[in-house]
Amino acid sequence: MKILVIGSGGREHALAWKLRQSPLVSELLVAPGNAGISRDARCIPVQVNRMDDIVELARQSDIDLVVVGPEAPLSLGLTDKLMAAGINVFGPTACAARLESSKAFAKDFCLRHSIPTASFGICLTKADVLNEAEARRNFCVIKADGLAAGKGVFVCRSFDDVESAIRSLFDPNQFGTAASKIIVEDLLDGEEVSILAIADGNHYVILDTSQDHKAAYDNDKGPNTGGMGAYSPAPVVTPSLMQTIENTIIQPAVQGMKSDGTPFSGVLYAGLMIVNNRPEVLEFNVRFGDPETQPLLMRLDSDLAELLSAAASGHLNHHYKLKWSSDSAVCVIMASGGYPGVYEKGFPITGLDEVEAVKDMKVFHAGTAFDETGNVVSSGGRVIGITAKGKSVRSACDLAYKTINKINFKNCFYRTDIAHRALARDY
Ligand code: AMP
Ligand code: GLY
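This is a predicted model, so every value here is computed, not measured. (Residues numbered from 1 in each chain as written. Chains lettered and ligands numbered in written order. Predicted model: local features only at pLDDT ≥ 70, side-chain atom pairs only at ≥ 80, totals over all residues. Heavy atoms only, no water.)

### Some words on the packing of aromatic side chains
And then number 1: For the structure on display, the rule yields 8 aromatic pairs.
And then number 2: Ring geometry for Phe 90 versus Phe 288: centroids 6.3 Å apart, planes at 35°, classification tilted. Highlighted residues: Phe 90 in strand β5 (residues 89-90) and Phe 288 in the loop between β17 (278-285) and α10 (293-299), separated in sequence by 198 residues. Each member of the pair, Phe 90 together with Phe 288, is buried.
And then number 3: A ring pair is formed by Tyr 339 and Tyr 343, whose centres lie 6.5 Å apart and whose planes are at 65°; its orientation type is edge-to-face.
And then number 4: Of the residues examined, Tyr 339 reaches a relative accessible area of 11% and is grouped as buried.
And then number 5: Three or more aromatic residues link up through ring pairs in this structure, and these residues are Phe 105, Phe 109 and Phe 284. (Phe/Tyr/Trp six-rings, centres within 6.5 Å; stacked < 30°, edge-to-face > 60°. Helix = DSSP H or I, 4+ residues; strand = E, 2+ residues; numbered from the N terminus. Buried < 20%, exposed > 50% of the residue type's maximum accessible area, 1.4 Å probe, protein only.)

See below:
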């Protein structure tokens, strides 16, 4: 099978690394990829928003399966275009991708199908937002409707917070049409977890649990990022809680998309808040999580190519069982100083060769490139994700942080407390 992966981040590096291990895969292409991915697959310099070029590339290279990593091309209809050209693709149609590309759509969907989520109002004006916030005594979360790379969510605990969220969201230079609708919802208090399911429109298989760390700095302080680290499994999810999540969220979501006439095929990612042992949906995403995918795939013992191709062709069934390592895995992101705000790039990364052969550890590249002399340099906000496996979360963490000490680039920073909730449970 010839596979083409679309994207250039740590998630796509992990997908390529795992797909390459499959005996079913004869050739692996990634567009556009990055410096690290080019060691695991053939990178083709086609950007993810060049949809016609991607279709052409898939056609010319006789690709059997396209795996789409990021949400933007999915929401713009890359799957629809590939399907129209007769190319097999793993990822939802633009219609089904509205679960992520419109938070108002996702909230209405939850309401229609009785899926638990914080109570909410949908607003068009500043006055609407102020009213909805006041009804919640300003303890609320205010969100832009559309895609905003994790920056369109404001957690508010005071009138000042609400005013500052309104200032940002109504600034046309910041969000544009992504904030043409605004959601105000109850502020929930609990522990977050990411539950990912692979669906084929009818059936689904749920992946093991993971937990992401969205805040930039230790102790969950600082601005929201795409994710500064993740680990798997997440002990907050007990087997009985997992059953509740399946019964009240995953099963009704897959069934609901089908009965609404927009069957969901691809990764259904439910970002949940566990409140008093009950799950509530914070958001749906329609693709693998980044960086959750890195520790998850490090623990997956099944063949990923077989799974994704079964889902893409509608051949998953309820008996599909995945094998997981009993080890834990932890991913720590090294980011460029200033991220998620303004940062400099182009700094050489040292120490990568030294750690390459370390057992139970893989450096997944997110924002890296080659400079003109062939050195690996930083080229994004999140630069690399050091991902380690161990018998316990503690030993996986120890290995990840020991490795990080050997890698360096100018102005880099990382969180030192990844997996702290699991460690506090002595997991
Ligand atoms: P979202 O993109 O909707 O998942 O929001 C990004 C982050 O904002 C989440 O990961 C949570 O940390 C926080 N958040 C979102 N909605 C809520 C909520 N209703 N209550 C508390 N925190 C929330
Ligand atoms: N790590 C959060 C996300 O992928 O959306």
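Alright, that's what it looks like, and here's the rest.
### What about the nonpolar core?
And then number 1: With 81 residues, the main nonpolar core has Leu 4, Val 66, Leu 99 and Phe 284 as its most contacted residues.
And then number 2: At 8 residues, the largest contribution of residues to this core is made by helix α9 (residues 239-259).
And then number 3: Contact partners of Val 66, with chain neighbours within four places excluded, come to Leu 4, Ile 6, Ala 58, Leu 82, Ile 87, Asn 88, Val 89 and Phe 90.
And then number 4: In terms of nonpolar packing, the next biggest core, distinct from the first, is built from 38 residues, Ile 3, Leu 65, Val 205 and Ala 329 among them. (Core = buried A, V, L, I, M, F, W, Y, C linked by side-chain atoms within 4.5 Å. Contact = heavy atoms within 4.5 Å.)

### Considering the site of ligand 2
And then number 1: All residues adjacent to ligand 2 are Asp 212, Lys 214, Gly 226, Tyr 269, Asn 285, Arg 287, Gly 289, Asp 290, Pro 291 and Glu 292.
And then number 2: Within the backbone of Gly 226, a nitrogen or oxygen atom sits 3.1 Å from a nitrogen atom of ligand 2.
And then number 3: Contact between ligand 2 and Arg 287: an oxygen atom at 2.8 Å from a side-chain N or O atom of the residue.
And then number 4: Residue classes in the shell around ligand 2 are distributed as 2 nonpolar, 3 polar and 5 charged. (Near = heavy atom within 4 Å. Polar contact = N/O pair within 3.5 Å; in protein donor to acceptor, adjacent residues only side chain to side chain. Nonpolar A, V, L, I, M, F, W, Y, C, P; charged D, E, K, R; others polar.)

### A few points about the site of ligand 1
And then number 1: In the vicinity of ligand 1 lie 14 residues, with Lys 143, Glu 185, Asp 186, Leu 188 and Glu 192 positioned nearest.
And then number 2: Between ligand 1 and the protein, one listed contact pairs a nitrogen atom with a side-chain N or O atom of Glu 185 at 2.7 Å.
And then number 3: Leu 282 places a main-chain nitrogen or oxygen 3.5 Å from an oxygen atom of ligand 1.
And then number 4: Within the complex, 91% of the 470 Å² of free accessible area of ligand 1 lies under protein.
And then number 5: Contributing elements (two or more residues each) for the shell around ligand 1: β7 (140-144), β9 (182-186) and β17. (Areas by Shrake-Rupley, 256 points an atom, 1.4 Å probe, with all protein chains shown as cover.)

### Digging into the pairing of strand β1 (residues 2-7)
And then number 1: With 5 of 6 residues buried, β1 is to be regarded as a mostly interior element.
And then number 2: Once you follow β1 into helix α1 (residues 10-20) and on to strand β2 (residues 27-32), the crossover reads as right-handed.
And then number 3: Relative to strand β4 (residues 65-68), β1 is paired through 4 bridges, and the arrangement is parallel. Considered in β4, the bridge of Ile 6 is made with Val 68. (Right-handed = clockwise from strand over helix to strand, strands pointing away. Pairing = 2+ DSSP bridges.)

### Details of the side chain of Arg 382
And then number 1: Following the sequence through the fold, Arg 382 ends up in strand β22 (residues 382-390).
And then number 2: Polar side-chain contacts of Arg 382 include one of 2.9 Å to the backbone oxygen of Gly 227.
And then number 3: Looking at Arg 382, its side chain comes within polar contact range of the main-chain oxygen of Asp 290, at 3.1 Å.
And then number 4: The residues contacting Arg 382, other than those within four sequence positions of it, are Gly 226, Gly 227, Asp 290, Pro 291, Ile 333, Met 334, Ala 335, Tyr 339, Ala 366 and Gly 367.

### A few points about the environment of Cys 397
And then number 1: Here Cys 397 lies in helix α13 (residues 393-404).
And then number 2: Its relative accessible area of 5% is what places Cys 397 among the buried residues.
And then number 3: With residues up to four places along the chain from it excluded, the contact list for Cys 397 reads Val 330, Ile 418, Ala 419 and Leu 423.

### Quick notes on the pairing of β2
And then number 1: For β2, a buried count of 5 out of 6 residues is recorded, marking the element as mostly surrounded by other parts of the structure.
And then number 2: As judged from the 6 bridges shared by β1 and β2, these two strands associate in the parallel manner. Its bridge partner lying in β2, Lys 2 is registered against Glu 27.
And then number 3: Here β2 pairs with strand β3 (residues 42-43) via 2 bridges, running parallel. Counted as the bridge partner of Leu 29 is Arg 42 from β3.

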